[in-house]
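# Architecture and fold: a report
In case you want the letters, here they are:
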Amino acid sequence: MADDFPTLSRSVEDYLKVIYGLSEKGAAAATSQIADSLDVQPASVSGMIKRLAESGYVEHAPYHGVRLSPEGTREALRIIRRHRILETYLSQRLSYSWDDVHDEAERLEHAASDELIDRMARALNDPRHDPHGAPIPTREGSVEVADDLTLAEVGPGERVQIRAVRDNDPDRLRYLKARGLLPGVILSVDSRAPFNGPITIRLGGPGGSAQAIGHEIATRIRVAGVQEHRTDP
Ligand SMILES: [Zn+2]
């Protein structure tokens, strides 16, 4: 049972976190996706999945992928909470830029105790989102479910607000920041080229200056629709 891992090893924590991310939208995670995300061979993923299943952290049906059990979900959210609190603390208190926090948090998340994380969270007034806009799971293990879509799915003429950027790559994060594409920013979509071509957007809405961004990077930007507030009758 779960007692096999009284304190979870670093690799178990990484697996649970990756499986959570891959199955967040409800689909089971495929072994090949897990292998890609962790940059390991599929054969070693199969071995680990078997161990995780024996320990009660995942449910695995051959050829149908892997899902976290309630116990596995609880542990995954604990690790994600540690990661996102660390990123927020590094950003807000230690002046790390948003493209620098991820790698540091990847290292620290396995070492930080829940006590340290709780103290950091309190010092930050229990933040709800990390510097990339991702929701931070609560101490009790609940997390806000995003009902957002990606910028690549937004049609011309629509006005949206950036909720989160799902990317850890420092170069792409710097690129987005340099273009003002940060959580909280409102923009409108002017046009979308066919066949996954570039998307023309205006920051701040129709009056802003136009800029084109690629389809691939737009799939990493999570947005939500903005209600129009008309003042005229
Ligand atoms: Zn991160």
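Residues numbered from 1 in each chain as written. Predicted model: local features only at pLDDT ≥ 70, side-chain atom pairs only at ≥ 80, totals over all residues. Heavy atoms only, no water.

## Observations concerning the pattern of salt bridges
Following the criterion strictly, the structure yields 23 salt bridges and no others. In this structure, the salt-bridge partner of Asp99 is Arg174, at a minimum N-O distance of 2.7 Å. Taken as a pair, Asp99 in the loop between helix H4 (70-93) and helix H5 (101-108) and Arg174 in helix H7 (residues 170-178) lie far apart in primary sequence, 75 residues in all. On the accessibility criterion, Asp99 (11% relative accessible area) is buried. Between Arg119 and Glu115 there is a salt bridge whose closest N-O contact spans 2.6 Å. In this pair, Arg119 and Glu115 both sit in helix H6 (residues 114-123), 4 residues apart, roughly one turn of the helix. (Salt bridge = Lys/Arg side-chain N within 4 Å of Asp/Glu carboxyl O. Helix = DSSP H or I, 4+ residues; strand = E, 2+ residues; numbered from the N terminus. Buried < 20%, exposed > 50% of the residue type's maximum accessible area, 1.4 Å probe, protein only.)

## What about the sheet that holds strand S7 (residues 210-213)?
Strand pairs in the sheet, formed through backbone hydrogen bonds, run parallel or antiparallel to each other. Read across the open sheet, the 6 strands follow the order S3-S8-S4-S5-S6-S7; overall the sheet is antiparallel. Single-partner strands in this sheet number two, and they are strand S3 (149-150) and S7. As paired elements, S3 and strand S8 (residues 221-225) share 2 bridges and run antiparallel to each other. Across the sheet, residue Leu149 finds its bridge partner in S8, namely Val223. (Pairing = 2+ DSSP bridges.)

## Details of the confidence of the model for the chain
Per-residue confidence for the chain gives a mean pLDDT of 90, with 94% of residues at or over 70. Counting interchain partners and residues more than four positions distant, the pLDDT-below-50 stretch residues 1-6 has 10 contacts. (pLDDT = per-residue confidence, 0-100. Contact = heavy atoms within 4.5 Å.)

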